[in-house]
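Chain residues, written in single-letter form:
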Amino acid sequence: MSQSPLIQILFLSTGLFFIGMYGMLTRRNVITLLMSIELILNSVNINFVAFNKYLYPEKLEGLFFTIFIITIAAAEAAVAIAIIINLYRSHQSIDVDEVNELKW
Amino acid sequence: MDISQIIFYCTATFILVTAFLAVTAAKIFRSTIWLLFSLFGIASLYYWMDLQFIAAVQTVVYVGGIVVLIIFSIFLTHKANDAMPKPPLMRQVLAALASLFGIALVLYLVYHHVFITPPTTVINANIDTIGFQLISTEKGGYSLPFELASVLLLASLIGCIVIAMRQGTAQVNSVD
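It should be emphasised that the depicted structure is a prediction, and the values quoted were computed from it without experimental measurement.

Focus: the overall build of chain B
Phase 1: Scanning chain B for helices and strands turns up 7 helices and 0 strands.
Phase 2: Seen in sequence order, chain B has helices and strands lined up from the N terminus as α-α-α-α-α-α-α.
Phase 3: Taking 176 residues into account, the globule formula puts the C-alpha radius of gyration at 16 Å, and chain B, at 22 Å, lies well above it.
Phase 4: Seen through its C-alpha atoms, chain B measures out along the principal axes to roughly 75 × 55 × 30 Å.
Phase 5: Intrachain contacts of chain B at a sequence separation of at least 6 include 49% that bridge at least 24 residues.

Below, the structure written as structure tokens:
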């Protein structure tokens, strides 16, 4: 156990990613799907930061990727919630099984 | 096993348990609160890695912004206390199998990969270093993505208003 804690952090982010994936596969409510996406994005952020800190400590590229991912996730969540509110107005439901007009 | 490792294991357990509760809780509001705790745990993990700026951004944007947005949208679209229907057992089992298979594959690959760790140099993640590189126009600077992010945020702001605007309010206002 003398190595850097990188591998343990990678285990953690793997677990977080697949917990988010389990949520994506089981849930059928749009808001909970959005929450699962946030978990997945967070596990990616942890990976970027950990690789940056433990493998390339002389650069800062991973931190910048994390900052931009957080920014874009905020924009994405805002647009998704606007769409959810509009969807609720027209369908009285935000269940993905009931909103299937665009399904081929 | 020193104190830093113990803190890491506690944080990791906290993150994973709260994340799992966030994707399995039956009531949507509880699920959101578990997500809030999980995001807090990730922020404290960034503190543990000695990256205060990222931890602050995580706390402000995720915990203070996105979770509040999600709570607002829950209040606008749900009765706060009714439980969501349970997913069918078959779907739960298949999803769990797929996730476990993915975890096993990735953990196997990560465990057997040899990472070439550099001779220990400490990462220089001061706020002023990050800030200067973020707005620098030299090679390795991030001023163009920075400006593009501002345009993206403006576009999503306008887009949210347009999408969520009630149809026909303009006519009502003009009649008034």
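Observations concerning the interface of chain A and chain B
Phase 1: With 60 residues of chain A in contact, the opposing surface of chain B contributes 64 residues.
Phase 2: Listed by contribution, the elements that provide at least two residues to the side of chain A that touches chain B are helix H1 (6-26), helix H2 (30-55) and helix H3 (61-91) of chain A.
Phase 3: The dominant element in the side of chain A that touches chain B, judged by the number of residues it contributes, is H3 of chain A, at 21 residues.
Phase 4: Classifying every residue of the side of chain A that touches chain B gives 41 nonpolar, 14 polar and 5 charged.

Considering unusual backbone geometry
Phase 1: The residue glutamine 92 of chain A is not glycine, and still its phi comes out positive at about 60 degrees.
Phase 2: In this structure, glutamine 92 of chain A sits in the segment after H3.
Phase 3: In the Ramachandran plot, aspartate 50 of chain B falls in the positive-phi region, its phi being about 70 degrees despite a non-glycine side chain.
Phase 4: With respect to the helices and strands, the residue aspartate 50 of chain B is situated in the loop between helix H2 (28-48) and helix H3 (52-77).

Here we look at H2 of chain B
An α-helical turn contains 3.6 residues, so any two residues separated by three or four positions project in the same direction.
Phase 1: For H2 of chain B, which comprises 21 residues, the first-to-last C-alpha distance of 30 Å matches the rise-based estimate of 30 Å (1.5 Å per residue) to within 8%.
Phase 2: Buried residues of H2 of chain B: Ile28, Ser31, Thr32, Trp34, Leu35, Ser38, Leu39, Gly41, Ile42, Ala43, Leu45 and Tyr46 of chain B, and no others.
Phase 3: Where the residues of H2 of chain B are buried, they touch H2 of chain A together with helix H1 (3-24) and H3 of chain B.
Phase 4: Downstream of H2 of chain B by one or two residues, aspartate 50 of chain B has phi in the positive range, about 70 degrees.

A word on the nonpolar core
Within soluble globular proteins, side chains that are nonpolar generally end up buried alongside one another.
Phase 1: Counting residues in hydrophobic clusters, the biggest one holds 58 residues, and the most contacted among them are Ile31, Val49 and Leu63 of chain A together with Tyr46 of chain B.
Phase 2: Counting residues per element, the ones that place at least two in this core are H1, H2 and H3 of chain A together with H1, H2 and H3 of chain B.
Phase 3: The residues touching isoleucine 31 of chain A, leaving out its near neighbours within four places in the chain, are Ile84 and Ile94 of chain A together with Ile28, Ile70, Ser73 and Ile74 of chain B.

Observations concerning the environment of lysine 27 of chain B
Phase 1: Mapped onto the fold, lysine 27 of chain B is located in the loop between H1 and H2.
Phase 2: The spacing of lysine 27 of chain B and phenylalanine 75 of chain B is 48 residues in sequence and 13 Å in space, taken between C-alpha atoms.

Focus: H3 of chain B
Phase 1: Compared with an ideal rise of 1.5 Å per residue, which puts 26 residues at 38 Å, H3 of chain B spans 36 Å between its outermost C-alpha atoms and is within 8% of the ideal.
Phase 2: Along H3 of chain B, the residues classified as buried are Ile54, Val57, Gln58, Tyr62, Ile66, Val67, Ile70, Ser73, Ile74 and Thr77 of chain B.
Phase 3: On the buried face of H3 of chain B, the contacting elements are H2 and H3 of chain A together with H2 of chain B.

Some remarks on the packing of H1 of chain A against H2 of chain A
Residues and elements named next belong to chain A.
Phase 1: One way to put it is that H1 packs onto H2 with a least axis distance of 8 Å and a crossing angle of 165 degrees. The angle between H1 and H2 places the two elements in the roughly antiparallel class. As H1 packs across H2, the resulting crossing turns out to be left-handed. Taking contact as the criterion, the partners of Leu6, Ile9, Leu10, Leu12, Ser13, Leu16, Phe17, Ile19, Gly20, Met21, Gly23 and Met24 in H1 are, on H2, Thr32, Leu33, Ser36, Leu39, Ile40, Asn42, Ser43, Ile46, Asn47, Ala50 and Tyr54.
Phase 2: Residue composition of the contact of H1 with H2, by class: 15 nonpolar, 8 polar and no charged.

Rules behind the numbers
Residues numbered from 1 in each chain as written. Chains lettered and ligands numbered in written order. Predicted model: local features only at pLDDT ≥ 70, side-chain atom pairs only at ≥ 80, totals over all residues. Helix = DSSP H or I, 4+ residues; strand = E, 2+ residues; numbered from the N terminus. Rg over C-alpha atoms; globule rule 2.2 N^0.38 Å. Contact = placed C-beta atoms within 7 Å. Nonpolar A, V, L, I, M, F, W, Y, C, P; charged D, E, K, R; others polar. Expected span 1.5 Å × (residues − 1). Buried ≥ 20, exposed ≤ 12 C-beta atoms within 10 Å, placed from the backbone. Core = buried A, V, L, I, M, F, W, Y, C linked by C-beta atoms within 7 Å. Axes fitted to C-alpha atoms, helices over the stretch in contact; angles between N-to-C directions. Parallel < 35°, antiparallel > 145°, perpendicular 65-115°, else oblique. Left-handed = near helix turned anticlockwise from the far one by under 90°.

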